[in-house]
Protein chains: 2
Amino acid sequence: MGSRGQPEESRAAILQAAAKEFSENGIAGARTDAIARQARVNKALLYYYFKDKETLYGAVLDSAFSGMKTSVFQVLDSDLPPREKIMAYVGAYFDFIASNQIYPKLMQREMMRAREGDSLHIDRLVKTYFQPIYRRVGELLHKGIAEGEFRKVDAAHFISSMVAMIVFYFSSAPVMQRVVRFNPLTPQRIAERRAAVMDFISAALFLPCSSAAPSSRKSGVRQ
Amino acid sequence: MGSRGQPEESRAAILQAAAKEFSENGIAGARTDAIARQARVNKALLYYYFKDKETLYGAVLDSAFSGMKTSVFQVLDSDLPPREKIMAYVGAYFDFIASNQIYPKLMQREMMRAREGDSLHIDRLVKTYFQPIYRRVGELLHKGIAEGEFRKVDAAHFISSMVAMIVFYFSSAPVMQRVVRFNPLTPQRIAERRAAVMDFISAALFLPCSSAAPSSRKSGVRQ
DNA sequence: TTGCACTAATTAACCAGTTAGTTAGATTAT
DNA sequence: ATAATCTAACTAACTGGTTAATTAGTGCAA
């Protein structure tokens, strides 16, 4: 019976295994035994590091969303002009999700769990991650509109649409694969999606442009 | 204790209660006791009408998606020109989801469950409902492009984006409510969303309008 | 020799599914 | 008509497999 495997490693292994299990099965469908097995750790160790299943789930959510916040804030804190910044934000958000494909599922699942009383985590998540990002992107849109660069879109709805296009693509990929005849998650298809999202958003947001030509957008669309 | 409550009523009550329970909790989180209680029926009756929980879940999905297919095909079968038809399709789809708000959640949940082997239903659902709709909308987009009415978008990605904007809004409403300061599900907000989606899609899809020279696309934006 | 990291074994609760019926109305026999 | 029989519709109570969580420890390092 071992003892020392470096505590940080064990904790991290649990978190990672839990993230996978929760994203695939939701909190109700997730099995603590499966998490322990995947983390190559005794099940009781989950309860040594985390109070209970719900707390472990909360820790998984925090680690997921804090990574995302860091990613997009690097862009939001930069000082690009509105056009370039909104595209950079979409790109950063897309890239984060694309390289952490368990997150869109975690996010969707938590969103649907948020009926009142249900989720103990949602208030914290909203306050810590979603609100700050939402506020900044909202300001960015208003700035672009004020400067005559963007169409007069409704910020709340526009943000919702951007998030939808990115998150939904990955969370619905397993079904999409059966509807269309290709795997939507190959690097090439992902790159294509990225271009399509960028194209869709810029076409819907940017005004024909009074000033110079927008260099950022080229086409990204085929057929 | 009575026996006769009209079998059709009981069956329908079970289906309705199950739809609600499954949409709120997923199949793993749903409780058969809760379904029976909500349907005001003994739990054993669920097993009298349906083989097991999984089969009941399948019946719920079928009743949900067949309604949707009927709705949108009424539009897709009509003979409107491409612009009007795609907008009518989006409207019909939106209205169906808006007035059956458990469906977006059922849909999201089933989409995420579709990892290989997992869902017994997904193949049937795709073949019966998703494929036929996808095919028709794809043809519609290609027709619009060929006639120089639409920008040369990628059909698969464009459809994915349309569905995303509609489904995601409703499934993420509980969280959104905490991020913004209003309830996204009041009739007024829903109408607003409908307009925003229509605007977003038409801005991203329609060419500036003149039916000539579709090759020199530069903006594809109106208003 | 204390405290940290960890585990095997166990427990209590939960929950899908079953069983062994009951009830009410329709059908047939008288 | 009316009693006897049948069957669809329905239920109370139970079962056993599953699963989150606990307990009572062991090994090891400082």
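Residues numbered from 1 in each chain as written. Chains lettered and ligands numbered in written order. Predicted model: local features only at pLDDT ≥ 70, side-chain atom pairs only at ≥ 80, totals over all residues. Heavy atoms only, no water.

All names here are of chain A. By secondary structure assignment, the location of Asn100 is in the loop between helix 5 (82-98) and helix 6 (102-113). Of the residues examined, Asn100 reaches a relative accessible area of 22% and is grouped as partly exposed. Spatially, the C-alpha atom of Asn100 lies 9.8 Å from that of Gly67, the residues being 33 residues apart in sequence. (Helix = DSSP H or I, 4+ residues; strand = E, 2+ residues; numbered from the N terminus. Buried < 20%, exposed > 50% of the residue type's maximum accessible area, 1.4 Å probe, protein only.)

In this structure, Ile86(A), Tyr89(A), Ile86(B) and Tyr89(B) are the most contacted members of the largest nonpolar core, which totals 156 residues. The residues touching Tyr89(A), leaving out its near neighbours within four places in the chain, are Val72(A), Val75(A), Leu76(A), Ile133(A), Val137(A) and Met162(A). (Core = buried A, V, L, I, M, F, W, Y, C linked by side-chain atoms within 4.5 Å. Contact = heavy atoms within 4.5 Å.)

We now examine the domain arrangement of chain A. Residue and element names in this part refer to chain A. Segmenting chain A into domains produces domain 1 (1-51) and domain 2 (65-219). One C-alpha centre belongs to domain 1, the other to domain 2; they are set 31 Å apart. Taken together, the contact between domain 1 and domain 2 spans eight residues of the former and five residues of the latter. Overall, the association of domain 1 and domain 2 removes approximately 490 Å² of surface from exposure, summing both partners, and the carbon and sulfur fraction of that is 68%. (Domains from an automatic or database assignment. Buried area = accessible area lost by both parts, 1.4 Å probe.)

What follows covers the relation of the copies chain A and chain B. Expressed as a screw transformation, the operator carrying chain A onto chain B has a rotation angle of 180° and an axial translation of 0.0 Å, and the superposed copies differ by an RMSD of 0.1 Å. Overall, the copies show the geometry of a two-fold rotation axis. A share of 97% of interface residues in chain A that are also interface residues in chain B marks the association as one of identical surfaces. (Least-squares fit on C-alpha atoms with pLDDT ≥ 70 in both.)

Bringing the interface of chain A and chain B into the picture now. Facing the 58 residues of chain A at the interface are 59 residues of chain B. Both faces considered, chain A and chain B share a buried interface measuring about 5,500 Å² in area, 62% of it formed by carbon and sulfur atoms. Viewed at the interface, chain B and chain A are joined by four salt bridges. One salt bridge in this structure joins Asp199(B) and Arg151(A), with 2.6 Å as the shortest N-O distance. Inspection of the region where chain A meets chain B yields 15 residue pairs in polar contact (both at pLDDT 80 or more). Contributions of two or more residues to the side of chain A that touches chain B are made by helix 1 (7-29), helix 6, helix 7 (122-146), helix 8 (155-171), helix 9 (173-179) and helix 10 (187-205) of chain A. It is helix 8 of chain A that provides the largest number of residues to the side of chain A that touches chain B, a total of twelve residues. Residues that form the side of chain A that touches chain B fall into these classes: 30 nonpolar, ten polar and 18 charged. (Salt bridge = Lys/Arg side-chain N within 4 Å of Asp/Glu carboxyl O. Polar contact = N/O pair within 3.5 Å; in protein donor to acceptor, adjacent residues only side chain to side chain. Nonpolar A, V, L, I, M, F, W, Y, C, P; charged D, E, K, R; others polar.)

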